[in-house]
Amino acid sequence: MRPILMKGHERPLTFLRYNRDGDLLFSCAKDHTPTVWYADNGDRLGTYRGHNGAVWTCDVSRDSARLITGSADQTAKLWEVSTGRSSSASASTRPPETEESALVITGIKGRINRAVWGPLNRTIITAGEDATIRIWDSETGQLLKESDKESGHQKTITSLSKSLDWSHFITGSLDKSAKLWDTRTLTLIKTYVTERPVNAVDISPTHDTVVLGGGQDAMNVTMTDRRAGKFEAKFYHKILQEEIGGVKGHFGPINALAFNPDGRSFSSGGEDGYVRLHHFDSDYFSIKM
């Protein structure tokens, strides 16, 4: 792999998202400015300025025309991807025609780190500080299923990523593991054990591969020693659960990972403020287990 180093953020990365076509990569960070890059060569197209707090997440519309971002400033902003114009919705205000949210989910202790739609938008899947994955009915808010406490994660769940067909999804945790789950039954399928807290996970859209990233907390290791903090992205065979390779480069914990939809490259974002774009070499596509 020949990584492309992309320096456009002044503070740690928090999230990465490709558009549907895989030609654009959007990055979020604690520096308040979401950024868009060409996914092929890493050239920066521009930034979206307007948030007053760390930006934790983003998503891009199917046609790549609009970008939604969520921030610690308690606003979600909708941007025109090509022009950077935005409109915002404040988390502290309500639409004038109603005083109630469409749906309120209760019964969760601690911060929710991930909330995603299930298949056909019929369910909502949540995970976070209490180490439990829950599936809710998106119409009624009724709890449908929750992960088994013995076989599930034992510490905070930091990340969640779904497969291309939404039949399964992967979670990463501070308990130094990632787990693969059946979306319909919430049955545990596979567990991937690593040597450090897991901050980010993703599933290859084309190969039986998953990638994990993390590292010891930046406060506990020197930022100049990559080996001490184990700041590499590790690849595992999705079925056999065996580690098949790793990619080093970051000088701090990896906080974000994303496979390109074409499966031929992936990106990583770190506490060091860098985005690294990695194109797989031919050896990756010929791995046989």
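Residues numbered from 1 in each chain as written. Predicted model: local features only at pLDDT ≥ 70, side-chain atom pairs only at ≥ 80, totals over all residues. Heavy atoms only, no water.

Under an unreviewed UniProt entry, the name given to the protein is Eukaryotic translation initiation factor 3 subunit I, and the organism recorded is Miscanthus lutarioriparius. Within the UniProt record for the protein, the comment given under Subcellular location (unreviewed entry) is "Cytoplasm". If you open the UniProt record of the protein and go to Subunit (unreviewed entry), you find "Component of the eukaryotic translation initiation factor 3 (eIF-3) complex." (UniProt positions renumbered as here; feature names shortened; annotations may be inferred.)

Enquirer: Where do I start with the environment of Arg44 in this structure?
Expert: Structurally, Arg44 can be placed in strand S5 (residues 44–47). Here the alpha-carbon distance between Arg44 and Phe26, two residues 18 residues apart in the chain, equals 9.9 Å. Excluding anything up to four places from it in sequence, Arg44 contacts Gly8, Thr35, Val36 and Trp37. (Helix = DSSP H or I, 4+ residues; strand = E, 2+ residues; numbered from the N terminus. Contact = heavy atoms within 4.5 Å.)

Enquirer: Mind showing me how you'd approach the sheet that holds strand S14 (residues 157–162) here?
Expert: Whenever strands of a sheet pair, they do so through backbone hydrogen bonds, lying parallel or antiparallel. If you walk across this open sheet you meet the four strands as S14-S15-S16-S17, and the pairing is antiparallel. Each edge of the open sheet carries a strand with a single partner, namely S14 and strand S17 (188–193). Going across the sheet, the axis of each strand differs from the next one's by a mean of 20 degrees, ignoring polarity. Two elements, S14 and strand S15 (residues 168–173), share five bridges in a ladder whose sense is antiparallel. The partner of Lys162 across the bridge, within S15, is Phe169. (Pairing = 2+ DSSP bridges. Axes fitted to C-alpha atoms, helices over the stretch in contact; angles between N-to-C directions.)

Enquirer: It is not clear to me how the UniProt feature "repeat: WD" (unreviewed entry) in the protein should be interpreted in this structure. Could you clarify?
Expert: Those residues carrying the UniProt feature "repeat: WD" (unreviewed entry) are residues 6–47, 48–89, 105–146, 150–191 and 247–277 in this numbering. Taken end to end, residues 247–277 is 0% helix and 55% strand, and its two terminal C-alpha atoms sit 11 Å from one another.

Enquirer: Would you take a moment to explain the packing of aromatic side chains for this structure?
Expert: Any two aromatic rings considered together are summarised by their centre-to-centre distance and by the angle between their planes. What the rule picks out here adds up to 13 aromatic pairs. Arranged with centres 6.4 Å apart and planes meeting at 50 degrees, the rings of Phe259 and Phe266 form a pair that is tilted. By the burial criterion, Phe259 is buried, and Phe266 matches it. An aromatic cluster is defined as three or more aromatic residues linked by ring pairs; in this entry it consists of Phe235, Phe259, Phe266, Phe280, Tyr284 and Phe285. Here the basic side chain of Lys7 rests over the ring of Tyr274, its NZ or CZ set 4.7 Å away from the ring centre. The ring centre of Phe285 lies 4.6 Å from the NZ or CZ of Arg264, which sits over that ring. (Phe/Tyr/Trp six-rings, centres within 6.5 Å; stacked < 30°, edge-to-face > 60°. Buried < 20%, exposed > 50% of the residue type's maximum accessible area, 1.4 Å probe, protein only. Lys NZ or Arg CZ within 6 Å of the ring centre and 35° of its normal.)

Enquirer: Just to check I follow, could you spell out the pairing of S14 for this structure?
Expert: Every other side chain in a regular strand lies on the same face of the sheet, so the side chains alternate between the two faces. Across the six residues that make up S14, a large majority, five, are buried. In textbook terms, the turn of a hairpin is the stretch between consecutive antiparallel strands, and for S14 and S15 this stretch comprises five residues, one of which, Trp166, has a positive phi near 65 degrees.

Enquirer: Teacher, can you tell me more about the pairing of S5 here?
Expert: Of the strand pairs in this sheet, strand S4 (residues 35–38) and S5 are connected by three bridges, and their pairing is antiparallel. Looking across to S5, one finds that Trp37 is bridged to Arg44. In this antiparallel pair of consecutive strands, S4 and S5, the connection spans five residues, and Gly42 shows a positive phi of 80 degrees.

Enquirer: Could you clarify how one ought to interpret the sheet that holds strand S22 (residues 254–259) in this entry?
Expert: Pairing in this open sheet of four strands is antiparallel, and the strands run S1-S24-S23-S22 from one edge to the other. Each having just a single partner strand, strand S1 (4–7) and S22 make up the two edges of the open sheet. Here the average twist between neighbouring strands, direction ignored, is 20 degrees.

Enquirer: How should I be thinking about the side chain of Lys179 in this particular structure?
Expert: Looking at the secondary structure, you find Lys179 in strand S16 (residues 177–182). One buried charged side chain, Lys179, makes no salt bridge at all; its nearest oppositely charged neighbour is Asp175, positioned 5.8 Å away. Within the local environment of Lys179, its side chain forms a polar contact with the backbone oxygen of Ser151, the two atoms lying 3.1 Å apart. Within the structure, Lys179 has its side chain in polar contact with the side chain of Thr191 (distance 3.2 Å). (Lys, Arg positive; Asp, Glu negative; His and termini not counted. Salt bridge = Lys/Arg side-chain N within 4 Å of Asp/Glu carboxyl O. Polar contact = N/O pair within 3.5 Å; in protein donor to acceptor, adjacent residues only side chain to side chain.)

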